[in-house]
Amino acid sequence: MNKNDLIAEVASKTGQTKVAAGEAVEAVFDAITAALAKGDDVKIAGFGNFVVATRAASEGRNPRTGETIAIPEQKAPKFRAGKALKDSVNA
């Protein structure tokens, strides 16, 4: 399922137009993105949690030259599925 499929599904389940459903889906994505950008977690009961995890700094190698390079610490979004979602997938 891609974003357009999701919008069509939301529109059919709610009786909204695809335009209105698209705006609603975009609003949800924007709210989640904004919360994660501030460093907040997003917890949706029965679905899962979106969290910001920090990857430690490390060293890597340039494959072309073999030179060692420093990879800085980075923040990355992660999703942890809730029990209800896991159970529905494994049913």
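Keep in mind that this is a model prediction, so the values were computed, not measured.

Q: Looking at this structure, how should I read the overall build of the protein?
A: If you tally the helices and strands in the protein, you get 3 helices and 5 strands. In sequence order, the protein lays out its α and β elements as α-α-β-β-β-β-β-α. Seen through its C-alpha atoms, the protein measures out along the principal axes to roughly 60 × 30 × 30 Å. Of the contacts made within the protein by residues no fewer than 6 positions apart, 28% connect residues no fewer than 24 positions apart.

Q: It is not clear to me how helix α2 (residues 18-37) should be interpreted in this structure. Could you clarify?
A: Note on helix geometry: an α-helix contains 3.6 residues per turn, so any two residues three or four positions apart are oriented the same way. With 20 residues, α2 extends 28 Å between its outermost C-alpha atoms, agreeing within 8% with the 28 Å of an ideal straight helix rising 1.5 Å per residue. Regarding α2, the residues found buried are Ala21, Gly22, Val25, Ile32, Ala35 and Leu36. The buried residues of α2 all sit within an arc of 165° when viewed along its axis, so they share a single face. The exposed set on the far side of α2, more than 90 degrees from its buried face, consists of Val19, Glu23 and Ala37. Where the residues of α2 are buried, they touch α1 (3-14), β1 (42-44), β2 (48-55) and β5 (74-81). One or two residues past the end of α2 sits Gly39, with phi positive at roughly 95°.

Q: Explain the pattern of salt bridges here, please?
A: In a structure, side chains of opposite charge can pair up when their charged atoms sit close to one another. For the structure shown, the criterion picks out 4 salt bridges. With a shortest N-O distance of 2.0 Å, Glu26 and Lys3 are connected by a salt bridge. Note that Glu26 is positioned in helix α2 and Lys3 in helix α1, a separation of 23 residues in sequence. Owing to a relative accessible area of 29%, Glu26 belongs among the partly exposed residues under this scheme. Given the relative accessible area of 40%, Lys3 is considered partly exposed.

Q: I tried to follow the environment of Ala20 on my own but got confused; where do I start?
A: By secondary structure assignment, the location of Ala20 is in helix α2. Ala20 sits 15 residues away from Ala35 along the chain, and the two C-alpha atoms are 23 Å apart.

Q: Is there a simple way to explain the pairing of β2 in this structure?
A: Consecutive side chains of a regular strand alternate in pointing toward one face of the sheet and then the other. Sheet analysis places β1 next to β2, joined by 3 bridges and oriented antiparallel. Residue pairing for β2: Val42 is matched across the bridge by Phe50. The hairpin formed by β1 and β2 contains 3 residues between the paired strands, and Gly46 there has a positive phi angle of roughly 80°. Where β2 and β5 come together, 8 bridges link them in antiparallel fashion. For Gly48, the partnering residue across the bridge sits in β5 and is Ala81.

About the cut-offs
Residues numbered from 1 in each chain as written. Predicted model: local features only at pLDDT ≥ 70, side-chain atom pairs only at ≥ 80, totals over all residues. Heavy atoms only, no water. Helix = DSSP H or I, 4+ residues; strand = E, 2+ residues; numbered from the N terminus. Contact = heavy atoms within 4.5 Å. Expected span 1.5 Å × (residues − 1). Buried < 20%, exposed > 50% of the residue type's maximum accessible area, 1.4 Å probe, protein only. Arc of directions from axis to C-beta. Salt bridge = Lys/Arg side-chain N within 4 Å of Asp/Glu carboxyl O. Pairing = 2+ DSSP bridges.

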